[in-house]
Amino acid sequence: MDHLHDRPQGPYGMDHRIVSALRACGADPRVAGATRILSWAGEHGAVWLVTGIAGAVVDRPRRGAWLRGTVLTAGAHAAGSLVKRVVRRPRPTHVEPLVGTVGRHSFPSSHATSAAAAAVAFGALGSRAVPPLAAAVCVSRLVAGVHYPSDVAAGAALGALTARLGARWMAGGRA
């Protein structure tokens, strides 16, 4: 049987092939478990909101910057959710997802949007743990089979841009 004609071609086909390859990594129970935890923690940007609030509690001299970074991260997540409602791209259906999702739309990945915003905002405050954790959350969405790479890339770009545009405000200056 020739499946070549059953597969999407071009960039969309590449998205499908990458999701299929990364979702296959989720067959390992350890990878699947980590993917589920990362997806759960990133839901609605929860891990980043907790991180920002914890940073504000622990780093009193920069409390305001941590809280403003948390607001930027939440704002980026909201922006990603809004774009998702406009674009309405369906999630991948050619792989069995490892996790449930709140919505049925895929572009951009809100997990990636809030993760990248947190990486930029909290990374600027010296957090060394946030950027690699943010990257892991982004990859988890591919391994979970609930996003295409272009969804994650667009979400990460939107989140990083949102945080970068708010950097001056976050540091205590005017926006």
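Above this note sits the structure.
Procedures and definitions
Residues numbered from 1 in each chain as written. Predicted model: local features only at pLDDT ≥ 70, side-chain atom pairs only at ≥ 80, totals over all residues. Heavy atoms only, no water. Helix = DSSP H or I, 4+ residues; strand = E, 2+ residues; numbered from the N terminus. Rg over C-alpha atoms; globule rule 2.2 N^0.38 Å. Contact = heavy atoms within 4.5 Å. Areas by Shrake-Rupley, 256 points an atom, 1.4 Å probe, with all protein chains shown as cover. Lys, Arg positive; Asp, Glu negative; His and termini not counted. Charge placed at Lys NZ, Arg CZ, Asp CG, Glu CD. Salt bridge = Lys/Arg side-chain N within 4 Å of Asp/Glu carboxyl O. Buried < 20%, exposed > 50% of the residue type's maximum accessible area, 1.4 Å probe, protein only. Patch = residues over 30% accessible without salt bridge, like charges linked within 9 Å, V, L, I, M, F, W, Y side chains within 5 Å.

## Thoughts on the overall build of the chain
Part 1: Secondary structure summary: the chain contains 8 helices and 0 strands in total.
Part 2: What you see in the chain, going N to C, is helices and strands ordered as α-α-α-α-α-α-α-α.
Part 3: In summary, the chain has a C-alpha radius of gyration of 17 Å against a globular reference of 16 Å for 175 residues, a match within 12%.
Part 4: For the chain, the spread of C-alpha atoms along the principal axes amounts to about 65 × 35 × 25 Å.
Part 5: A separation threshold of at least 6 residues defines the contact pool for the chain, and within that pool the share at least 24 residues apart is 78%.
Part 6: Approximately 9,200 Å² of the chain is accessible, and the part contributed by carbon and sulfur atoms is 66%.
Part 7: Charged side chains in the chain number 20 positive and 8 negative. The centres of these two groups are separated by 15 Å.

## Here's the deal with the pattern of salt bridges
Part 1: Following the criterion strictly, the structure yields 3 salt bridges and no others.
Part 2: Close ionic contact of Arg62 with Asp59 constitutes a salt bridge, the shortest N to O distance being 2.7 Å.
Part 3: Judged by relative accessible area, Arg62 falls into the partly exposed class, the value being 35%.
Part 4: Judged by its relative accessible area of 17%, Asp59 is buried.

## A closer look at a nonpolar patch on the surface
Part 1: A surface patch of nonpolar side chains, about 380 Å² in accessible area, is lined by Ile53, Val57, Val58 and Leu67.
Part 2: Tallying contributions element by element places helix H3 (residues 46-58) first for the nonpolar patch, with 3 residues.
Part 3: With respect to the element layout, Ile53 can be found in helix H3.

## Structural notes on the environment of Thr35
Part 1: Positionally, Thr35 belongs in helix H2 (residues 29-42).
Part 2: According to the relative accessible area criterion, Thr35 is buried, its value standing at 5%.
Part 3: The spatial distance from the C-alpha of Thr35 to the C-alpha of Gly123 is 23 Å, given a sequence separation of 88 residues.
Part 4: The residues touching Thr35, leaving out its near neighbours within four places in the chain, are Leu98, Ser140, Val143 and Ala144.

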